[in-house]
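Listed here are the chains, written in short residue letters.
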Amino acid sequence: MNTVGKVSNASVLKRAIRSDNPKLLLQDWALRPFYALFTLDEHGQERGACVRWGRDLAVLVTLEKTEAESLIESLVSSDSRQEIYLKSVPLWELARFAYSQHMILAWAKEDLVFPREALELVGYKALVCDADGAETLVKVQVVPLDSGGESSLVSGDLQWWTRDSGAESTERVLIYNDSLRWKDNSVLPALPDNARPLSFLSPEERVVYDRWARPSLPLEFGDVETIDADVDVQLPPNEWLGEDCLEGPRKICHLMGQLVFPNARNFKLEVKHDKLALDDDQSDAESSRKVIRLTFLYLEQNSLDDRITPLSIAQETLTLDELNALPFRLPTAPGMHPMPENLLGMLRCRLAWGLFSASRQLDGGASLLDGLLRSLLVAFPDNADERFTCDPDDRTFPFLAAFRCDHKRVPVMVLGNQDGNLVCNPLVDLDVPEAQVPETLPLRDDLIVDGTMTLWALSGSVLIPEQLIEYPQGWYKGARVSARHVVLNMSSNLHLINYVMADDTPEPEEPKESGGKDLLKWMGGIAVIFVFVVMLMEA
């Protein structure tokens, strides 16, 4: 690391931030230790201690220990119950921490607030030389893991590297620790086809891998220790799955309530009346038939300014006849209604099981809700003559299982029972040659087009005989992406989709590069609120 003069530390760092050359930050500053404030929560777990700054939270850092000690004296009152202490942490980790939490990173005394672009650069990127000596900028994202039955697997063993190879060229590859046995190991999730073993890295690449594999700050804090009793009610054992298979989805269900949907009363059902769109093969009478559009909403309340943001979780469109034919009553009057308790329970279960299945997919692509929540009320199996209606009062369903299709195990969401067969939503895209399609599938020929049965992760349902359904123990108890990461990835996608779909969403404000004077002015004479910060997820 290059040496910079002590007197000019702040000015040199400011010039590096303003520069278009990433080397100035990555080589001279990323590994440099800064002092930051930490504390312990009531369980003895370490937390970052931040200050509230207007509508934002700020992580305060200093380069000199005496300056950091003075900062504690100026911020913490003598009667504070929290013990605040200093910890020396490399800047890249503090930048990752602040960026992932959407916080400000400020060197307050030097009038320096890091722009978000600089936080991402320092916290997630590195310059790497490959075996041929070519230097490229790589973004590193560690996959947080719940190790399951594989005790030797730890977070850091799997890292997504996104390599910028030019103006319009990027390469994303998963680096994995190949000292573990991945092949034919049901405890470990399947690796992508382009995954690259750790042993293939050059010595320079290995240095970068090791830095992210062994950070001084954990990727995540605060795993759930106890599960709310109502989660056991929502996800009870059934004739196919015992208690030991339900720990994962129950944990996800609890985390959703803790981190994303904390107030059950904020779930709403919005009803709108509409008309069917006119298709070429429809008469005018058919096209004018009324339909009911149901939107499952959560009213998110901003803790800082009490604003309410409606988040659309799922939608379903039914004709009035279909709605009236449901074995349970739903409101039909236009407007926003309280979510019926049994329907809310079914929604939570579907989300929990869907995200639990997604946690075995290392690419993270299955955290979008459209596919996971399709056919929430009514399903039309491709090989059935009549529709299937989900029963929110039947706590047996839904659940994750495997459809045995020749030598493949296809993950499916089991929605219920119809005429002795199980109604299932496929959770992956798959083309199955006709010769491998089980003969016992009902109306088998209806599923085969041009010699292939096509299963879709985002649409369609299939009737499957119970004897073709299996329950691989590794799918329920094996290693997977951490529950906290999956839940918050879902939340991020949910907010992004609602942001894109909104008509009048204001542009988000970027923090200014220099705001330290305002920050120091705000601190003067005001008791600082220290916040226990849980590191929730990778960006």
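This is a predicted model, so every value here is computed, not measured. (Residues numbered from 1 in each chain as written. Predicted model: local features only at pLDDT ≥ 70, side-chain atom pairs only at ≥ 80, totals over all residues. Heavy atoms only, no water.)

K.L.:
Whenever I open this one, the overall build of the protein confuses me. Can you help?
P.N.:
Along the protein, the regular secondary structure elements total 16 helices and 28 strands. Counting all 539 residues of the protein, 51% fall into the buried class. The long-range fraction of contacts in the protein, counting pairs at least 24 apart against all pairs at least 6 apart in sequence, stands at 68%. For the protein, the accessible area works out to roughly 26300 Å², and carbon and sulfur atoms hold 48% of it. (Helix = DSSP H or I, 4+ residues; strand = E, 2+ residues; numbered from the N terminus. Buried < 20%, exposed > 50% of the residue type's maximum accessible area, 1.4 Å probe, protein only. Contact = heavy atoms within 4.5 Å. Areas by Shrake-Rupley, 256 points an atom, 1.4 Å probe, with all protein chains shown as cover.)

K.L.:
Is there a simple way to explain the layout of surface pockets in this structure?
P.N.:
Where empty space is left becomes clear once a probe the size of a water molecule has been rolled over the atoms. A volume near 850 Å³ is recorded for the second largest pocket. Taken together, 25 residues form the lining of the second largest pocket, with P189, A190, L191, R360 and W475 sitting closest to its centre. Ranked by the residues each element gives to the lining of the second largest pocket, the list is headed by strand 20 (residues 408–418), at 3 residues. Across the lining of the second largest pocket, the residue classes break down as 12 nonpolar, 5 polar and 8 charged. (1 Å grid on protein atoms, 1.4 Å probe; cavity = no way out; pocket = protein on both sides within 12 Å on 5 of 7 lines; lining within 4 Å. Points joined across faces, edges and corners; volume = space filled by probe spheres on them. Nonpolar A, V, L, I, M, F, W, Y, C, P; charged D, E, K, R; others polar.)

K.L.:
Sorry if this is basic, but what is going on with the confidence of the model for the protein here?
P.N.:
Note: predicted coordinates in regions of low pLDDT should not be interpreted at a detailed level. Here the protein averages 83 in pLDDT, while 82% of its residues score no lower than 70. Per-element confidence in the protein ranges from a low mean pLDDT of 42 for strand 28 (residues 530–533) to a high of 97 for strand 25 (residues 462–465). Across residues 1–7 the pLDDT falls below 50, and counting only partners more than four positions away or on other chains, this stretch makes 11 contacts in the model. Scored below 50 in pLDDT, residues 504–539 makes 102 contacts in the model with residues more than four places away or belonging to other chains. (pLDDT = per-residue confidence, 0-100.)

K.L.:
Can you walk me through the packing of helix 8 (residues 247–260) against helix 15 (residues 483–501) in this structure?
P.N.:
The description of two helices packed together rests on the angle between their axes and the distance between the axes. Two numbers describe how helix 8 lies on helix 15: the axes approach to 9 Å, and their chain directions differ by 50°. Of the possible angle classes, the one that applies to helix 8 and helix 15 is oblique. Seen from above, helix 8 lies across helix 15 with right-handed handedness. Contacts between helix 8 and helix 15 pair K251, I252, L255, M256, Q258, L259 and V260 from the former with A483, R484, V487, L488, M490 and S491 from the latter. For the contact of helix 8 with helix 15, the class distribution of residues is 9 nonpolar, 2 polar and 2 charged. (Axes fitted to C-alpha atoms, helices over the stretch in contact; angles between N-to-C directions. Parallel < 35°, antiparallel > 145°, perpendicular 65-115°, else oblique. Left-handed = near helix turned anticlockwise from the far one by under 90°.)

K.L.:
Would you take a moment to explain the pattern of salt bridges for this structure?
P.N.:
Opposite charge on two side chains permits them to pair, given that their charged atoms come into close proximity. Applying the stated rule across the entire model yields 16 salt bridges. Across the pair R250 and E243 runs a salt bridge whose closest N-O atoms are separated by 2.7 Å. The class for E243 is partly exposed, based on a relative accessible area of 46%. D274 is the salt-bridge partner of R293, the closest N and O atoms lying 2.9 Å from each other. You can see R293 sitting in strand 14 (residues 290–301) and its partner D274 sitting in strand 13 (residues 267–275), a full 19 residues away along the chain. (Salt bridge = Lys/Arg side-chain N within 4 Å of Asp/Glu carboxyl O.)

K.L.:
Just checking my understanding: could you explain the packing of aromatic side chains for this structure?
P.N.:
Note on aromatic pairs: each is described by the distance of the centres and the angle between the planes. Enumeration over the complete set of coordinates arrives at 15 aromatic pairs. Ring centres of W29 and F34 lie 6.3 Å apart, and the angle between their planes is 50°; on these two criteria the pair is classed as tilted. Relative accessible area serves as the criterion here: at 0%, W29 is assigned to the buried category. Under the relative-accessibility criterion, F34 is labelled buried at 0%. Between W353 and F356 the ring centres are 5.8 Å apart and the planes differ by 80°, which places this aromatic pair in the edge-to-face class. Of this pair, W353 and F356 both sit in helix 11 (residues 341–358), 3 residues apart, which is roughly one turn of the helix. A cation over a ring is seen here: R116 above Y99, with NZ or CZ 3.9 Å from the ring centre. (Phe/Tyr/Trp six-rings, centres within 6.5 Å; stacked < 30°, edge-to-face > 60°. Lys NZ or Arg CZ within 6 Å of the ring centre and 35° of its normal.)

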